[in-house]
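Structural description and commentary
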Amino acid sequence: MMLESNTPSTSSQWGATTVASTMRLAHMAGISTFVTGGTGGVHRGAETTMDISADLMELARTPVVVVSAGVKSILDIQRTLETLETNGVPTVAFGVDEFPAFFSPRSGVLAPARVESATEVARAYLASLELGLSNGMLVAVPNNDPAGASVEAAIQETLEEAIKLGITGRDVTPFILKRVAEKTKGDSLKSNISLVKNNAAIGADIAVSIANTKQRLNSKVYTGVVPSTLSGFKEVAQSPATHKLQEMPKSKSTSRVVVMGGTVIDLVAKPAPGQDLILATSNPGTCYESDGGVGRNIAEVLGRLGSEPILFSAVGEDSRGSSLLCRMEDEYNIGRERQHMEVVKGANTATYLAVLNSDGDLHTAIADMAVLSKIKIPDEETLSHADYLIVDANAPIESLVEAAKNARWAGTKVCFEPTSVPKAAMVSRNNQFMSSLTYAFPNIDELSAMSGQSNLVSNDLIQSAAKMVLNRMNQTESHLVITMGTKGVMLASKYEVKPIIFKRFEATVIPTNNCTGAGDTLAGAFIHALLNGHNEEEAVKLGMEKAILSIQCEDRAISPMI
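Keep in mind it's a predicted model, so treat the numbers as computed, not measured.

On to the side chain of threonine 184, then. Within the element layout of this structure, threonine 184 appears in helix H7 (residues 172–184). At a separation of 2.8 Å, a polar atom in the side chain of threonine 184 contacts the main-chain carbonyl oxygen of valine 180. The contacts of threonine 184, once residues within four sequence positions are left out, are Ser150, Val151 and Ala154.

This part covers the sheet that holds strand S15 (residues 362–368). Across the sheet, 4 strands lie side by side as S11-S10-S14-S15; this open sheet has mixed pairing. With one partner strand each, in any of the chains shown, strand S11 (285–292) and S15 form the two edges of the open sheet. Strand-to-strand twist across the sheet, computed as the mean angle between neighbouring axes with direction ignored, equals 15°. Running at roughly 95° to strand S10 (residues 264–271), helix H10 (residues 319–330) makes contact with S10, S11 and strand S14 (351–356) of the sheet.

Moving on: the nonpolar core. Counting 47 residues, the largest nonpolar core has Met260, Phe416, Phe433, Leu480 and Ile482 as the members making the most contacts within it. Examining the composition of this core, we find that 7 residues originate from one element, helix H12 (residues 397–410), more than from any other. Core analysis: the second largest hydrophobic core is formed by 38 residues, Ala60, Leu75, Ala93 and Ala111 among them.

All right, on to the sheet that holds strand S9 (residues 257–260) then. The strand order across the open sheet formed by 9 strands is S13-S12-S9-S16-S17-S18-S19-S20-S21, and the pairing between neighbours is mixed. The open sheet has two edge strands, strand S13 (339–344) and strand S21 (501–505), and neither has a second partner. The sheet shows a mean angle of 20° between the axes of neighbouring strands, direction not considered. Summarising the sheet, S9 and strand S16 (residues 388–392) pair through 4 bridges and their orientation is parallel. Bridge assignment links methionine 260 to a residue of S16, and that residue is valine 391.

So, about the side chain of serine 313. Within the secondary structure, serine 313 sits in strand S12 (residues 310–316). For serine 313, a relative accessible area of 0% gives the class buried. Polar contacts involving the side chain of serine 313 include one to the main-chain carbonyl oxygen of glycine 261, which spans 2.6 Å. Only 2.8 Å separates the side chain of serine 313 from the side chain of threonine 263, close enough to count as a polar contact.

Looking now at the environment of threonine 173. The residue threonine 173 is located in helix H7 in this model. C-alpha separation for the pair threonine 173 and leucine 159, spaced 14 residues apart in sequence, amounts to 9.6 Å.

Below, the discussion takes up helix H18 (residues 536–551). Along its 16 residues, H18 runs 22 Å from first to last C-alpha, staying within 8% of the 22 Å computed at 1.5 Å per residue. When we look at burial in H18, the residues that qualify are Glu536, Ala539, Val540, Gly543, Met544, Lys546, Ala547, Ser550 and Ile551. Among the structural elements, helix H9 (294–305), strand S18 (437–440), strand S19 (477–483), strand S20 (489–495), S21 and helix H17 (518–531) are those in contact with the buried residues of H18.

Scanning the model with the defined rule gives 19 salt bridges in all. The partner of arginine 256 in a salt bridge is aspartate 387, and the shortest N-O contact between them spans 2.7 Å. Here the residue arginine 256 occupies a position in the loop between strand S8 (234–235) and S9, and aspartate 387 occupies one in the loop between helix H11 (380–383) and S16, the gap between them amounting to 131 residues. Given the relative accessible area of 42%, arginine 256 is considered partly exposed. Note on aspartate 387: relative accessible area 27%, which makes it partly exposed. Note that arginine 296 and glutamate 300 form a salt bridge whose closest N and O atoms lie 2.6 Å from each other. In this pair, arginine 296 and glutamate 300 are both assigned in helix H9, 4 residues apart and thus about one turn of the helix distant.

Quick notes on the rules
- Residues numbered from 1 in each chain as written.
- Predicted model: local features only at pLDDT ≥ 70, side-chain atom pairs only at ≥ 80, totals over all residues.
- Heavy atoms only, no water.
- Helix = DSSP H or I, 4+ residues; strand = E, 2+ residues; numbered from the N terminus.
- Polar contact = N/O pair within 3.5 Å; in protein donor to acceptor, adjacent residues only side chain to side chain.
- Contact = heavy atoms within 4.5 Å.
- Pairing = 2+ DSSP bridges.
- Axes fitted to C-alpha atoms, helices over the stretch in contact; angles between N-to-C directions.
- Core = buried A, V, L, I, M, F, W, Y, C linked by side-chain atoms within 4.5 Å.
- Buried < 20%, exposed > 50% of the residue type's maximum accessible area, 1.4 Å probe, protein only.
- Expected span 1.5 Å × (residues − 1).
- Salt bridge = Lys/Arg side-chain N within 4 Å of Asp/Glu carboxyl O.

Such coordinate-based values are descriptive only and should not be taken to indicate function.
Laid out in structure tokens, this is it:
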């Protein structure tokens, strides 16, 4: 760059800036991220020479993200990391456990923490700003250029030469750079160019992610609590590193609604018409097999209605799972690009066996759901495009909490389908998850479990239980859509300091063939209505209308007629 001076005795000259000075200039210009080749650090022998780069001091006092290939192995990497830690500088390796050594992705020193994406870096950086911290952040990106290993070997040889020749202080670096270029016959330059390009690509992603996250938080109501600076980072285990670079994310499909939940094969048995269910013996009747799972059911409803949902779920690596994924694309309008499915080797696709009574109500059921512990968690990038995240209670509670946290960071409203009475009781004990909810769709028994109140046999008791649950949900706005069987639906709505509003919707009396997908149909149609600009009352009416179609559908949970 051209350096100009107002001093008469000093002429304009070309010059270069250090990492420290570039950080300061970037911060003055309002730039959040800059990319360099490598940062300075603690020189070998610094315990006697006190030769420590000003880059480390600047990282401790200037809030800029610095993306580099680590520090050169001519420096003392372990002491460099210790100095950064002492000065409160978040230091992470991108996609690997071991801290990079500039030309080489391997240094033999474990990184303090690891990140997997630009979104993680953006989240931590913005959290630091929100907390009023003045430090920067160092993101070390491994150089995986094939020349890196040979260059590193040349550096080590040259270091030994410098020691033998008595070269010290500021003369070490130029001596080593010159000798390494000679020894590698230009490979060091090739490797250097490669690492700079790699750093630039990841640095650009980080800068874009920071800008997008700022924009989302400014344009959406954000009600979450800012996590600590290193929230979401994976601490590096004290074990050998895998040394595999994180692949750059592929382009993803976007949607205004994301569903996270169970994908299940439903096996439903029902006694023959006019026959009561007789226990402890076989009963004549009809058996049906269909696709189910609360999350998948809701996604099917949204797909059939044209809302183009993204579904995060898991299936086994078996014929049922493979066929189910094909049907999702061919019949339910959930294309492969919107199926974020974990296919688990050696596992059965989740199966739900239900026995209905002669009225079509559930008598008993058995659920083989082990594979659902592997359900994928929606990432912030996907959620940043969504207005709603709908989750059922099939994933582990830790996954539900993480998904809700990601949604709150993205400014996305969280909706919850409790799935079953035991799961409703278990999930409702987690205050962090409950406080993230804007919508929930319990039936009477699930509301009882969530509130801890039993025998909800009157409007007053139902409303009392609803108040208890709403007071634990999102304090800005929250809604309960309570299904009450033949007694209809109750909508309970809470807006900050306003009194809770209750609205009752009467049920239409119709013959009942199958109730297993009615609540899921109502939930999916409700969100579809919100996506199309309707209010909550209008959404309940559409949900009830579509639920009738599923109740009348005998051979599957979700009616293809919706």
